[in-house]
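Architecture at a glance
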Amino acid sequence: MAANYWASTQRRHWLFTREKLAEVRDRLRDQDKASHSQFPLPDQRLLNIYFNQQLIKLGKRMSTRQQAIATAQVYLKRFYTKNEIRQTNPYLVLTTAFYLACKMEECPQHIRFVVGEARGLYPEFITPDVAKLGECEFALISEMSSQLIVHHPYRTLSELQTELALSSDEVALAWSVINDHYLTDLPLLHPPHIIAVMAIIVAVVFKPSHPGNFGNSAQSALAGVMRDGGGMGMLAALSDKSGSGPPRVQNLVQWLAESEVDIKAVIECTQELLSLYEVWEQYNEKHCKELIGRMVRTKNLDK
Amino acid sequence: MLQTEALESRRPAGYTTKVRVRDRYRIVGFISSGTYGRVYKATGQHGKEGVFAIKKFKPDKEGETIQYTGLSQSAIREMALCTELSHANVVQLEEIILEDKCIFMVFEYTEHDLLQIIHHHTQPQRHAIPASMIRSILFQLLNGLLYLHTNWVLHRDLKPANILVTSSGAIRIGDLGLARLFYKPLNSLFSGDKVVVTIWYRAPELLLGSRHYTPAVDMWAVGCIFAELLSLRPIFKGEEVKMDSKKTVPFQRNQMMKIVEILGLPRKETWPGLVAMPEYNQLQSLALHRQPAHFHRGHSLESWYQSCLKNGAYSSSSKAGSPGSDGFDLLSRMLEYDPTRRITAQEALEHPYFTNGGPISGDCFSGIEHKYPHRRVTQDDTDMRTGSLSGTKRSGLPDDSLLRAAKRLKE
């Protein structure tokens, strides 16, 4: 439940192994091979970056908090494990995920307002009829079996903040890393506390030279350092219990060893983040927009 | 979105249910209605076993046709929480069906609720609910509430009608329509729903306009329920002041008075947070307008309790038994003014009222000879009107006229 991740529907129904997730997606693709070859879409992570930017745009105009955006991102991921994206209007789905997440995270927005805002951003793809969004809400809830409560790593981060004596810069960077992990499959693959620990480690090890505002994403602050061999160095530091490296990192390694956190999983998450930052360099908003737009228009998915 | 549908009709955002209510359930009668919609009694069919209560959320209408207008936040909360929760003392959700623009929440059927049980004990004349039964009810209720609170769920609408009782005497906390998570809410709990908890069960900090309230509001309501089980009347039966057209929340003067009449005025010496309450001035004006003697009777709750035991013929030698002095102590700790000092569900379960005096049955009817009447189920509306939105004449009637007819029949 809310406090108890272990008994949650998130753990019981929405945690996949990598193999299982690949299998689910292969099955969706096999059901609609024609669309797949006719409408190629960018790498899933690039699409996620694009969707995330859209959610942030929607959220900005309504001053929505990050946690609601994060919940909307998880809803999108869950929904697209059950539905082929090429049979949906992603703009409608993401607007609906946003609308539903705001209600669930107790910062509700009126449906007319959400539709109005979305129309302002995507006049071509969102009709003024609120019933469309209402209907899509039914589909979203139904596909998620009403399992709408999402556990986020932010909570673990704030709980560990004192225990690990994290500085405010470290917390801010870890927070941004958590924001970034929603751009990967990690929320479907690992429990939130693993993600939080990963984010803390990344923040402590790669404390950037220009502390301060990282904005929403840690990409600009971290992509360079992590790629320049730093990533591997960090992974080595984690596995090295003999106690080399700076004391701050040693303390963390010590804590990890005592806390029974799955270090292998943490390392895997770090690698995933690293590879996100690599792929990010190819990101081209216009390209994503064109491919999705062509798909939606050609298939009349917005009707 | 659904594969088959997208292929068949090329309506990609179209929603069709995979499960139809009528395929699985046969409606046998109408139970109750509220602002949210209506509750029906149903039996499983086509291989589905059991008896169920189906809560149908009222869809918004634009003229005659029902439109998708977005689900209410209360429906979303109840769906999400009930899906996530699982405890012997919390109502069990069977499934949720989204069909024809409506939500159907299918729950286990419960034969009784506390309101009905209390009512039964006033008919034809008052006869007290046995002390052992009250102890079992309260223990199970607190057990369920502890589960909710440890999972960061505030119920916020505990009252006898929402405490369900199965035919085998198990207590289930029901109606989570107002419940919500309280772990670091994005907005203050106050900003979402300004008025919470049926007025007679509303905690003093809510009446005084508290912005940040806690699980203690549920414990106050449990205290009120405990008192009502003993006396068969709401302990603080105030008159609600309706919200004005500006939607500002009025001070519930009468309700506050009812509490003060029994507990005395809250004092800043025993409730340090009192002076910071938004309605503190209102409380002072209320004190000024009353005879001072009225507030200084001292142990007023104790005298209320003693006369309640006397009226109910509760004594250790009587058939009803007695909740004794432990019962009073527990009640007074639940009805503690200061929410930070009010007893928690955990502490209450460890209170001598439960730890002394032998085992507590998980069946509140255990050792009780008499039978309670079954839940009233009316036959005037057994048509949930799924899938036949514009079919029969009846379905063309506005929902309200049916509702009024049902109410009349009930009375």
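Quantities reported herein were computed from a predicted structural model and do not represent experimental measurements. (Residues numbered from 1 in each chain as written. Chains lettered and ligands numbered in written order. Predicted model: local features only at pLDDT ≥ 70, side-chain atom pairs only at ≥ 80, totals over all residues.)

The helix and strand tally for chain B stands at 17 helices and 12 strands. Expressed as a percentage of the 411 residues in chain B, the buried residues total 40%. Nonlocal contacts in chain B, meaning residues at least 24 apart in sequence, comprise 66% of its contacts between residues at least 6 apart. (Helix = DSSP H or I, 4+ residues; strand = E, 2+ residues; numbered from the N terminus. Buried ≥ 20, exposed ≤ 12 C-beta atoms within 10 Å, placed from the backbone. Contact = placed C-beta atoms within 7 Å.)

The secondary structure content of chain A amounts to 16 helices and 0 strands. Taken over 303 residues, chain A has a buried fraction of 47%. Considering only residue pairs separated by 6 or more positions, chain A has 78% of its internal contacts joining residues 24 or more positions apart.

Take the interface of chain B and chain A next. Facing 33 residues of chain B, the contacting portion of chain A comprises 41 residues. It is helix 3 (residues 73–84) of chain B that provides the largest number of residues to the side of chain B that touches chain A, a total of 6 residues. Looking at the side of chain B that touches chain A residue by residue, the class counts come to 19 nonpolar, 11 polar and 3 charged. (Nonpolar A, V, L, I, M, F, W, Y, C, P; charged D, E, K, R; others polar.)

Residue and element names in this part refer to chain A. When its domains are assigned, chain A resolves into domain 1 (15–150 + 283–298) and domain 2 (153–280). At the junction of the two partners, domain 1 supplies 17 residues and domain 2 supplies 13 residues. Only helix 2 (18–31), helix 4 (44–61) and helix 5 (66–79) provide two or more residues apiece to the side of domain 1 that touches domain 2. Of the residues that constitute the side of domain 1 that touches domain 2, the class distribution is 8 nonpolar, 5 polar and 4 charged. (Domains from an automatic or database assignment.)

Residues and elements named next belong to chain B. The share of residues in chain B with pLDDT of 70 or more is 82%, and the mean pLDDT across the chain is 83. Here helix 16 (residues 393–396) stands out as the element of chain B with the lowest mean pLDDT, 30, in contrast to helix 14 (residues 345–349), whose mean of 98 is the highest. Taken as a whole, residues 1–13 scores under 50 in pLDDT and shows 25 contacts with residues more than four places along the chain or in a different chain. Considering only residues more than four positions removed or in separate chains, one finds that residues 185–191, a stretch of pLDDT under 50, has 16 contacts. Here the prediction assigns the complex a pTM of 0.86, and the interface score ipTM is 0.89. (pLDDT = per-residue confidence, 0-100.)

So, on to the sheet that holds strand 1 (residues 25–33) of chain B. Residue and element names in this part refer to chain B. Strand order in the open sheet formed by 5 strands is 1-2-3-7-6, and the pairing between neighbours is antiparallel. Looking along the sheet, the strands with just one partner apiece sit at the ends: strand 1 and strand 6 (93–99). Looking at each pair of strands side by side, their axes are set apart by 25° on average, direction ignored. In the sheet, strand 2 (residues 37–44) pairs with strand 3 (residues 51–57) via 7 bridges, with the strands oriented antiparallel. Residue pairing across strands places Thr-43 opposite Val-51, the latter belonging to strand 3. Relative to the sheet, helix 3 contacts strand 3, strand 6 and strand 7 (102–108), its axis offset from that of strand 7 by approximately 35°. (Pairing = 2+ DSSP bridges. Axes fitted to C-alpha atoms, helices over the stretch in contact; angles between N-to-C directions.)

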